[in-house]
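For reference, the chains in residue letters:
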Amino acid sequence: MDSKTFCLAPWVHGLVHTDQTMRPCCSSSTPSTITFDRYPQWWNSSDMTKLRSDLYHGIKNQNCNNCWQNEENGKESLRLNYNNLFRKYVNFKDIIDSSKNKFLVKELPTTWDLRLGNLCNIKCVMCTPEFSNKIEQEVNENIKLINEKFPLKISAINSNVNWSDTDQAVAFFNEIKPTLRWLKLQGGEPLVVKSVRSLIESLDKHQTTLAVTTNGTVLDDKLYKGIANLDQVEFSISVEAVGSANDIIRYGSDWNVIKKNILKLKKLANVDIQINHVLQITSVFYLVDVIRFCEEHDLHLMISMLEDPNYLSLSACPQNYLTKLVDDVYNIDIKHKKNQYIKEFITNTVNSTKFNEQLWDDFKGYTMLLDELRPNKYSSILKFESLK
């Protein structure tokens with residue numbers, strides 16, 4: 001077993017993508033053609049046994065290139081993260097036994113990441129039809145205008161991807177529950193999916209850890225009670241700004257509702273909350289307030305880089321605004337232990353970012369398009385001098 005390549009995921013983990021296909025994890029570059037309703041067939045397929053063999057014997061499987069690149073660049077990879085996370089869910093003797101049996105694994109996955117489809121209640125400016133049916137509808141209704149104003153920039157339209165409310169999905173949920181140790185739910189917005197409500201209520205409160213990535217807009221009393229009943233729940237709540245700017249970046253949301261839900265969940269002893277922020281062009285104006293909010297309420301803030309669409313990335317931002325962001329972040333008194341990385345991370349990210357004038361022009365074009373599509377203008381929260 002080679003520690004430089006070994007990953008626990010292929011022995012304990014399964015992911016169902018929004019298109020219903022199986023993958024070993026969210027960083028895997030090659031999806032399977034096998035869908036979730038046939039996951040036992042996928043679990044010991046030739047692709048999976050080869051993946052296990054490669055990672056066990058020190059071979060860098062090409063499907064894991066995202067992790068290899070992150071590790072070469074000194075960044076934490078999903079492989080390392082999962083090795084730490086899944087360690088308590090695996091018997092290493094079973095892994096050694098599988099290495100002696102053509103890397104077949106008898107026990108089916110006990111940890112799952114379910115991408116439940118594109119059903120969503122908001123339209124984030126950086127999102128696509130693949131992950132929001134609201135955006136899919138907006139694109140369908142305005143395709144002529146989009147092609148005129150911003151051709152070839154909007155991702156392909158996806159339809160019928162809300163697999164999780166089907167009879168096959170309910171049967172699948174019932175099949176994996178008896179051995180389920182860790183469950184991650186993502187969307188779209190997972191908490192607006194009807195079958196997810198029933199799934200959460202039916203989980204073994206002692207056996208299963210629930211992890212939810214959400215926009216924070218949904219928390220009714222019944223859902224709150226279901227969450228409170230579980231032993232351990234991990235919430236990752238997405239926040240791009242504090243106040244009304246968040247309502248425009250995450251279009252259709254209400255910051256007052258999100259803040260109320262965050263603070264309500266924080267009172268539950270069984271719930272760990274992480275605030276997620278996608279580092280993008282609007283971050284130069286709003287990240288500082290997000291950091292201060294997290295510090296004020298003792299919340300862990302996880303910042304991730306936006307890479308697509310690239311016209312909303314930091315590379316589309318003029319350098320003087322990035323420089324000011326670094327200065328503003330350094331002036332914050334960060335005390336939360338898990339937030340100590342932020343100053344160095346922002347500095348290193350800005351230092352490695354090169355301004356791309358074409359992306360800046362594309363950003364301005366996208367801004368004008370959104371202003372035509374949506375009553376609450378995207379440009380109203382942007383403080384770039386050249387856009388005034």
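No experiment lies behind these values; they were computed from the predicted model shown.

Rules and cut-offs
Residues numbered from 1 in each chain as written. Predicted model: local features only at pLDDT ≥ 70, side-chain atom pairs only at ≥ 80, totals over all residues. Heavy atoms only, no water. Phe/Tyr/Trp six-rings, centres within 6.5 Å; stacked < 30°, edge-to-face > 60°. Helix = DSSP H or I, 4+ residues; strand = E, 2+ residues; numbered from the N terminus. Buried < 20%, exposed > 50% of the residue type's maximum accessible area, 1.4 Å probe, protein only. Pairing = 2+ DSSP bridges. Contact = heavy atoms within 4.5 Å. Axes fitted to C-alpha atoms, helices over the stretch in contact; angles between N-to-C directions. Right-handed = clockwise from strand over helix to strand, strands pointing away.

Asks: What am I meant to see in the packing of aromatic side chains here?
Replies: A full pass over the atoms with the stated rule returns 27 aromatic pairs. With a centroid separation of 6.5 Å and 70° between ring planes, the pair formed by Y82 and W182 is classed as edge-to-face. In this pair, Y82 sits in helix 5 (residues 78–85) while W182 sits in strand 5 (residues 182–186), placing the two residues 100 residues apart along the sequence. A relative accessible area of 4% means that Y82 is categorised as buried.

Asks: Just checking my understanding: could you explain the sheet that holds strand 5 for this structure?
Replies: Remark on secondary structure: sheet strands pair via backbone hydrogen bonds, oriented parallel or antiparallel. The strand order 2-1-3-5-6-7-9-10 describes an open sheet built from 8 strands, whose pairing is mixed. At either margin of the open sheet sits one strand with a lone partner, and together these are strand 2 (22–23) and strand 10 (300–305). Looking at chain direction, strand 1 (residues 13–16) and strand 2 are connected through 2 bridges and run antiparallel. Paired with V16 across the strands is M22, a residue of strand 2. Across the sheet, helix 16 (residues 342–351) is in contact with strand 9 (271–279) and strand 10; its angle to strand 10 comes to roughly 15°.

Asks: Mind showing me how you'd approach the pairing of strand 9 here?
Replies: It is a general feature of regular strands that their side chains alternate between the two faces of the sheet. When you tally the buried positions in strand 9, you get 7 out of 9 residues, the bulk of the element. When strand 7 (residues 233–238) meets strand 9, the two strands line up parallel, connected through 6 bridges. Considered in strand 9, the bridge of E234 is made with D272. In the sheet, strand 9 pairs with strand 10 via 6 bridges, with the strands oriented parallel. Counterpart to Q274 in the pairing with strand 10 is H300. Considered for its hand, the β-α-β crossover made up of strand 9, helix 14 (residues 283–296) and strand 10 is right-handed.

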